[in-house]
Amino acid sequence: RSTEQRNAELAVINSVQQGLAAELDMQGIYDLVGDRVRELFDAQVTGIVTFNHEDKTEDFKYLFEDGQRYYPGIRPYDKVREKIIQNRSTLLFNEKAAQAISELLGKTIKPVPGTRLAKSALYVPMIVGDNVRGYVSLQNVDKEHAFSDSDVRLLSTLANSMSVALENAR
């Protein structure tokens, strides 16, 4: 692994630990981690979302697009999220992301109110044990092929570290 990747991973883990040390609530920790991920990837859209499997909903713990914070609240999860849960794997849409996601859903997707549809989208599951607890998403609304293989690897590593740290914080 590259030194850069290891440093990024440590920075995210440290931000979770700083949040715990400062006795932040879980939302404060999501905010800290989200900010760190957003800085690392310089992504237009950064999201951290958790699942409630009992009622099949997703809760946006952190969502930024173009420097603006959004609070979309809880909503039912869709086939894209079900695929993340069932396959326990990363989804990368590096071309015509909105169209590809719409095809997967069998209907036209609507962005979170106030946001734009992505041209590139990356969804990485947060897994603890056998449970997919949620996902981290990076998106680019202006360009395709916004995410490289190394971005995918790094975000996957960070999501794994973050999942464990957040679970311990719980």
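Here, the structure is the one placed above.
Before going into details, it helps to say that this report is about the structure given with it.

Conventions we followed
- Residues numbered from 1 in each chain as written.
- Predicted model: local features only at pLDDT ≥ 70, side-chain atom pairs only at ≥ 80, totals over all residues.
- Heavy atoms only, no water.
- Buried < 20%, exposed > 50% of the residue type's maximum accessible area, 1.4 Å probe, protein only.
- Helix = DSSP H or I, 4+ residues; strand = E, 2+ residues; numbered from the N terminus.
- Pairing = 2+ DSSP bridges.
- Contact = heavy atoms within 4.5 Å.
- Polar contact = N/O pair within 3.5 Å; in protein donor to acceptor, adjacent residues only side chain to side chain.

Thoughts on the pairing of strand 7 (residues 131-140)
Taken across its 10 residues, strand 7 has eight buried, putting it largely inside the fold. Here strand 1 (residues 45-52) runs beside strand 7; their pairing, made up of six bridges, is antiparallel. Counterpart to V49 in the pairing with strand 7 is Y135. Relative to strand 7, strand 6 (residues 120-128) is paired through nine bridges, and the arrangement is antiparallel. Pairing of S120 across the sheet is with N140, part of strand 7. Connecting the antiparallel pair strand 6 and strand 7 is a turn made up of two residues, with G129 showing a positive phi of about 60 degrees.

Some remarks on the side chain of T50
By the secondary structure assignment, T50 is in strand 1. Overall, T50 belongs to the buried group, its relative accessible area being 10%. Apart from residues lying up to four places away in sequence, T50 is in contact with Y30, T57, E58, D59, K61, M126, R133 and G134.

Some words on the environment of T57
Topologically, T57 is positioned in strand 2 (residues 57-65). For T57, a relative accessible area of 12% translates into the label buried. Sequence spacing of T57 and R81 is 24 residues, and the spatial spacing of their C-alpha atoms is 9.5 Å. Ignoring sequence-local partners within four residues, the contact set of T57 consists of T50, F51, N52, I74, R75, P76 and Y77. Of note is the side chain of T57, whose polar atom sits 2.6 Å from the side chain of D55.

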